[in-house]
Amino acid sequence: MAKTYSISEVASMMGVAPSTLRYYEKEGLLPNVKRVNGKRVFEEKDFGWLRVLNCLKNTGMPIRRIKEYARLSQMGDESLSARYELIKAQREYVQDQIDRLNYYMKELDYKDWYYRTAIELGSEKAVQNKSKAKEMNLDTIPEKEDFK
């Protein structure tokens, strides 16, 4: 007999609240989870699907699109192209978020450098008055040698 897991065990393993799993079920996202004596019983085979749901949720896919993905998944091979399009769109969304965060990380890297250097030199003016720093692009982190 396959090992089974309670909703609390699965929630703990996935790092979500049991209410999240109950919500998924209520929304029709866990159509294959069995019940024994009225209690949800998860099996190893359920974890792949749960990982996908968790991924889609945690990457910002709206619940309506997750529902669409779940509905399409139930259709089998006839929905492969449609599922691929949903995943492709989500990947693009995530990549856009990564690109945006990387852009902001450059600014934070610059500010990190700026304040560390100002503290080391004793003032912001010391950083601002160095000729090479004045000539650089604002988000370019100068090398320490540029201030000697």
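Just so it is clear, the model here is predicted, and its values are computed rather than measured.

Chemist: I would appreciate a short explanation of the packing of helix 3 (residues 44-58) against helix 4 (residues 63-75) in the present structure.
Modeler: For any two helices packed against each other, the geometry comes down to the angle between their axes and how far apart the axes lie. Their axes nearest at 10 Å, the elements helix 3 and helix 4 cross at an angle of 150°. Accordingly, the angle class assigned to the pair helix 3 and helix 4 is roughly antiparallel. Taken as a pair, helix 3 and helix 4 cross one another with a handedness that is right-handed. Of helix 4, the residues touching helix 3 (which contributes Trp 49, Val 52, Leu 53, Leu 56 and Lys 57) are Ile 66, Tyr 69, Ala 70 and Ser 73.

Chemist: Help me understand helix 3 in this model?
Modeler: An α-helical turn contains 3.6 residues, so a residue and the one three or four places further along point in the same direction. In this model helix 3 runs 21 Å from its N-terminal to its C-terminal C-alpha over 15 residues, within 8% of the 21 Å that 1.5 Å per residue would give. Among all positions of helix 3, only Asp 46, Phe 47, Leu 50, Leu 53, Asn 54 and Leu 56 are buried. Contacts from the buried residues of helix 3 go to strand 1 (4-5), helix 1 (7-14), helix 2 (18-26), strand 3 (39-43), helix 4 and helix 5 (80-121).

Chemist: What is the right way to read the pairing of strand 3 from this model?
Modeler: For strand 3, a buried count of four out of five residues is recorded, marking the element as mostly surrounded by other parts of the structure. Where strand 1 meets strand 3, two bridges bridge the pair, whose relative direction is antiparallel. Each residue of the ladder has a partner; that of Tyr 5, found in strand 3, is Phe 42. Turn length for the strand 2 (residues 34-36)-strand 3 hairpin, with the two strands adjacent in sequence and antiparallel, is two residues, and the turn residue Asn 37 shows positive phi of about 55°.

Chemist: Would you take a moment to explain the nonpolar core for this structure?
Modeler: One broad rule of soluble globular proteins: the nonpolar side chains tend to lie buried together. Membership of the largest hydrophobic core comes to 22 residues, with the highest contact counts inside it found for Val 10, Leu 21, Leu 30, Phe 42 and Leu 50. Breaking this core down by element, the ones donating at least two residues are helix 1, helix 2, helix 3 and helix 4. In this structure Leu 50 touches Val 10, Met 14, Leu 21, Leu 30 and Phe 42, once residues within four positions along its chain are discounted. With five residues, the next largest nonpolar core counts Trp 113, Tyr 114, Ala 118 and Val 127 among its residues.

Chemist: Is there a simple way to think about the packing of aromatic side chains in this case?
Modeler: In this description, an aromatic ring pair is defined by two values, namely the gap between the centres and the angle between the planes. A full pass over the atoms with the stated rule returns seven aromatic pairs. Seen from their ring centres, Trp 49 and Tyr 69 are 5.9 Å apart, and the 5° between their planes marks the pair as stacked. You can see Trp 49 sitting in helix 3 and its partner Tyr 69 sitting in helix 4, a full 20 residues away along the chain. A relative accessible area of 11% means that Tyr 69 is categorised as buried. Ring centres 6.1 Å apart and planes at 35° place the aromatic pair Tyr 110 and Tyr 114 in the tilted group. Separated by four residues within a single helix, Tyr 110 and Tyr 114 lie in helix 5, roughly one turn from each other. Pair check on accessibility: Tyr 110 and Tyr 114 agree, each one buried. Aromatic ring contacts, followed pair by pair, group Tyr 110, Trp 113, Tyr 114 and Tyr 115 into a single cluster. Sitting over the ring of Tyr 5, Lys 3 keeps its end group 4.7 Å from the ring centre. Cation over ring: Lys 111 sits above Tyr 114, and NZ or CZ is 5.1 Å from the ring centre.

Reading the values: rules and limits
- Residues numbered from 1 in each chain as written.
- Predicted model: local features only at pLDDT ≥ 70, side-chain atom pairs only at ≥ 80, totals over all residues.
- Heavy atoms only, no water.
- Axes fitted to C-alpha atoms, helices over the stretch in contact; angles between N-to-C directions.
- Helix = DSSP H or I, 4+ residues; strand = E, 2+ residues; numbered from the N terminus.
- Parallel < 35°, antiparallel > 145°, perpendicular 65-115°, else oblique.
- Left-handed = near helix turned anticlockwise from the far one by under 90°.
- Contact = heavy atoms within 4.5 Å.
- Expected span 1.5 Å × (residues − 1).
- Buried < 20%, exposed > 50% of the residue type's maximum accessible area, 1.4 Å probe, protein only.
- Pairing = 2+ DSSP bridges.
- Core = buried A, V, L, I, M, F, W, Y, C linked by side-chain atoms within 4.5 Å.
- Phe/Tyr/Trp six-rings, centres within 6.5 Å; stacked < 30°, edge-to-face > 60°.
- Lys NZ or Arg CZ within 6 Å of the ring centre and 35° of its normal.

Function cannot be inferred from these measures alone, as they are strictly geometric.
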